[in-house]
Amino acid sequence: GADGQFVATIPVTVNDALRERGRQRYTIYCQPCHDARGDGKGILFQRGNVPTASFHQDKILKYPDGQIFDVITNGMGLMAGYRWPIPPADRWAIIAYVRELERKRLASAAAAATPADIK
């Protein structure tokens, strides 16, 4: 942002169409390293034991959406930036999809932690 802060939330309408576009782009650009579930166990990890971020770690769960946008744009650590192959609208779509992966993981973890006899 203009004040040097990351955008807190995706600045476009998040709907099923955006998440589906994000899923398609994620499959192409992100899944090879971060794997289908976002656990960071993709091909670089499998073949070369290269540490790849899991989107389910607390540090990344706490990132504002704009920080994820910045990482996709400029890269981080061993990850190259995707400024040129992924246009800004698709970066936001990917973030919407990643947030959905995170939400589903947290919801299933919460459900698993709740004894069945508690309603």
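See above for the structure.
Residues numbered from 1 in each chain as written. Predicted model: local features only at pLDDT ≥ 70, side-chain atom pairs only at ≥ 80, totals over all residues. Heavy atoms only, no water.

*Asks:* Account for the overall build of the protein chain, with residues named and values stated.
*Replies:* When helices and strands are counted, the protein chain shows six helices and zero strands. Listing the helices and strands of the protein chain from first to last along the sequence gives α-α-α-α-α-α. Over its C-alpha atoms, taken along the principal directions, the protein chain stretches across nearly 50 × 35 × 30 Å. By residue count, 35% of the 119 residues in the protein chain fall in the buried class. Counting 16 positive and 12 negative side-chain charges, the protein chain places the averaged centre of each group 5 Å from the other. (Helix = DSSP H or I, 4+ residues; strand = E, 2+ residues; numbered from the N terminus. Buried < 20%, exposed > 50% of the residue type's maximum accessible area, 1.4 Å probe, protein only. Lys, Arg positive; Asp, Glu negative; His and termini not counted. Charge placed at Lys NZ, Arg CZ, Asp CG, Glu CD.)

*Asks:* Any chance you could break down the environment of A93 for me, citing the residues and the numbers?
*Replies:* Structurally, A93 can be placed in helix 6 (residues 88–113). Between the C-alpha atoms of A93 and R23, which are 70 residues apart in sequence, the distance is 7.8 Å. Apart from residues no more than four positions distant in its own chain, A93 is found in contact with L18, R21 and G22. (Contact = heavy atoms within 4.5 Å.)

*Asks:* Outline helix 1 (residues 16–29), listing residues and values.
*Replies:* Over its 14 residues, helix 1 runs 20 Å from end to end, which matches the ideal 20 Å to within 8%, given 1.5 Å per residue. Listed in full, the buried residues belonging to helix 1 are L18, R19, G22, R25 and Y26. Looking straight down helix 1, one finds that the buried residues subtend no more than 125° of arc, so they occupy a single side. Counted as exposed and oriented over 90 degrees from the buried face of helix 1: D16 and A17. Buried positions along helix 1 lie against helix 2 (31–34) and helix 6. (Expected span 1.5 Å × (residues − 1). Arc of directions from axis to C-beta.)

*Asks:* Explain the pattern of salt bridges residue by residue, including any values.
*Replies:* Applying the stated rule across the entire model yields nine salt bridges. Between R99 and D65 there is a salt bridge whose closest N-O contact spans 2.7 Å. Residue R99 is located in helix 6, and its partner D65 is located in helix 5 (residues 65–74); the two are separated by 34 residues in the primary sequence. Judged by its relative accessible area of 12%, R99 is buried. With its nearest N and O atoms 2.9 Å apart, the salt bridge here joins E100 to R103. On the criterion of helical spacing, the pair formed by E100 and R103 is a turn pair, its members being three residues apart in helix 6. In this structure, a network of salt bridges that share partners links the residues R37, D39 and R105. (Salt bridge = Lys/Arg side-chain N within 4 Å of Asp/Glu carboxyl O.)

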